[in-house]
Amino acid sequence: MVFSSSIFLFYFFPVFLLAYFITPVHLKNYTALIASVAFYAWGAPKFIFIVLIILIADFFLGNKIFESRGNKKKWLLIFSLSINVGSLLYFKYANFFVENFNDTLQALGFNAVSWARIALPIGISFFTFQEMSYTIDIYRGVHKPLTKFSDYMLFIFMFSHLIAGPIVTYHILADDIVERRHQLNLNYKIQGALRFTIGLAKKVLIANQLAVVADQVFGQPAGQLNFYSSWMGAIAYTFQLYFDFSGYSDMAIGIGKFLGFNFPENFNNPYISQSITEFWRRWHITLGNWMRNYLYIPLGGNRVSISRMYFNLWVVFLISGFWHGAEWTFVVWGIYHGLFIVLDRLFLVNLLKPVSKIFRIALTFLIVVLGWILFRSTSLAQAFNFYHCMFSFNLTMASPDLDYKFIFFLLIAIFFSFFGVVNAIEQNQIKWFNPERWLIPKILSSILLMFWCLAEISSGSFNPFIYFRF
């Protein structure tokens, strides 16, 4: 079930909100949990029992870790992490490893190994990271375990962020899971409605419109691309991805507000970044925080030698790329960004200090756009052909059809991607969701946006969020 689908907007969400609002405070977690399990079972009923087994194991191990000391505590954590990493490797990467192993065998003249392909559980990359944060936070003494298994299930299964984040680590949400009655108020509901509507508009009115050209260009055979179409496809996908993913995050944060939760921000005007290092402080913020707190710092972080620090950074981005998908394109994409992170630390940031802010933003944006080619391509061969077309200056082939609707929404995307370059706008944009000022105009504009989105959804085709594939 997709947030931007008719069945969610017209049936599931209204019925859930009605049930949740009339449920007594001490029973609201059960209402949210039942809805969340139903939400997940709707899209992946075969996997819900597998996920439940892992949840039971982690809940039990979390309690044991809290009660234990010394080496026993450490080995219990290792066992918990092994279960989660092992399940992620099996479900998400087994096909990748077997396919590459078979390619190697066939290249050496041997027969390929027969293998039944494994289906990928929806959202496994996201809820696996949340599960690991549970036992790690308990091990570190950051927070004690939850006493009720149903509360732990809600932490993992909460439908608002289950499929594509934000990645909500345990210590951030733990207290609100147990007690949040002071946040179940009208102020939070209004914030949730405003945030949800903005996210839906990002997805339906901008991302889906740009997807038409992006899909058309990336779906063309290699010999039919030219300089103009390849650049237009790359630009369209760059903004499509941002408004698609940030739109989902806004909707998830908005739903969380309805339920009385404060989910962390996931995006902060990433395309106005002046370096790749800054880009990763603004893009998919919860993933970056997870990688820093649960991988980079345990590897030694900045407390090691310079060479080891650079190696740690490279490992983090290699794993980050592979986390996104079981394809060589994602691995190379992670290495690509890791390279620029290291170059920033070595000399690039200092080298570019004398030049203008606009030039640094433009250069960083170009690096990001070129990286998204790897992210979108289905193979390295397609990506390299795309790069060839982008820098060939070949204008002989046919170009994609660009109607006025696409151009309009592309300009809207460009404006809202870069308007944060004005400091006053960046510092005050979050105030849009504050109901204490200009409430009536905000509500009226949100209603208009909602009706516009619903009209587009009713007349358009199904278009899932990009990050659902991860």
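The paragraphs below set out a description of the structure included in this document. (Residues numbered from 1 in each chain as written. Predicted model: local features only at pLDDT ≥ 70, side-chain atom pairs only at ≥ 80, totals over all residues. Heavy atoms only, no water.)

Considerations on the overall build of the protein
Consideration 1: Within the protein one finds 18 helices and 0 strands.
Consideration 2: What you see for the protein is a C-alpha radius of gyration of 23 Å, in line with the 23 Å of a compact globule of 470 residues.
Consideration 3: Along the three orthogonal principal directions, the C-alpha set of the protein runs to about 65 × 65 × 50 Å.
Consideration 4: Residues counted as buried form 54% of the 470 residues belonging to the protein.
Consideration 5: For the protein, contacts bridging at least 24 residues in sequence account for 77% of all contacts bridging at least 6.
Consideration 6: Here the protein has roughly 21,300 Å² of accessible surface; of this, 69% comes from carbon and sulfur atoms.
Consideration 7: Counting 34 positive and 22 negative side-chain charges, the protein places the centres of these two groups 7 Å from one another. (Helix = DSSP H or I, 4+ residues; strand = E, 2+ residues; numbered from the N terminus. Rg over C-alpha atoms; globule rule 2.2 N^0.38 Å. Buried < 20%, exposed > 50% of the residue type's maximum accessible area, 1.4 Å probe, protein only. Contact = heavy atoms within 4.5 Å. Areas by Shrake-Rupley, 256 points an atom, 1.4 Å probe, with all protein chains shown as cover. Lys, Arg positive; Asp, Glu negative; His and termini not counted. Charge placed at Lys NZ, Arg CZ, Asp CG, Glu CD.)

Examining the packing of helix α11 (residues 285–296) against helix α12 (residues 306–324)
Consideration 1: At a minimum axis distance of 11 Å, the contact between α11 and α12 shows a crossing angle of 130 degrees. Here α12 runs oblique to α11, going by the angle between their axes. Where α11 crosses over α12, the handedness of that crossing is right-handed. Contact residues: Leu287, Met291, Leu295 and Tyr296 in α11; Met309, Asn312, Leu313, Val316, Ile319, Ser320, Trp323 and His324 in α12.
Consideration 2: Residues of the contact of α11 with α12, tallied by class, amount to 9 nonpolar, 3 polar and no charged. (Axes fitted to C-alpha atoms, helices over the stretch in contact; angles between N-to-C directions. Parallel < 35°, antiparallel > 145°, perpendicular 65-115°, else oblique. Left-handed = near helix turned anticlockwise from the far one by under 90°. Nonpolar A, V, L, I, M, F, W, Y, C, P; charged D, E, K, R; others polar.)

Details of helix α15 (residues 380–390)
The α-helix advances 3.6 residues per turn, and as a result positions three or four apart in sequence lie on the same side.
Consideration 1: Residues of α15 that are buried include every one of Gln382, Ala383, Phe386, Tyr387, Cys389 and Met390, and no others. For α15, the angular spread of buried residues about the axis comes to 160 degrees, placing them on one side. Counted as exposed and oriented over 90 degrees from the buried face of α15: Ala381 and His388.
Consideration 2: For α15, the secondary structure elements touched by its buried residues are α8 (186–218), α9 (227–259) and α14 (357–376). (Arc of directions from axis to C-beta.)

What to know about the pattern of salt bridges
Consideration 1: For the structure shown, the criterion picks out 10 salt bridges.
Consideration 2: With a shortest N-O distance of 2.7 Å, Arg282 and Glu426 are connected by a salt bridge. Of this pair, Arg282 sits in helix α10 (residues 276–282) while Glu426 sits in helix α17 (residues 423–428); the two residues are 144 residues apart in sequence, bridging distant segments of the chain.
Consideration 3: The exposure class of Arg282 is buried, given its relative accessible area of 11%.
Consideration 4: As a salt-bridge pair, Glu456 and Lys405 come within 3.6 Å of each other at their nearest N and O atoms. Here Lys405 lies in helix α16 (residues 404–418) and Glu456 lies in helix α18 (residues 439–459), a separation of 51 residues in the sequence.
Consideration 5: Residue class for Glu456 comes out buried when judged on its relative accessible area of 19%.
Consideration 6: According to the relative accessible area criterion, Lys405 is partly exposed, its value standing at 39%.
Consideration 7: Where salt bridges share partners, they join Arg195, Lys202, Asp250 and Glu265 into one cluster. (Salt bridge = Lys/Arg side-chain N within 4 Å of Asp/Glu carboxyl O.)

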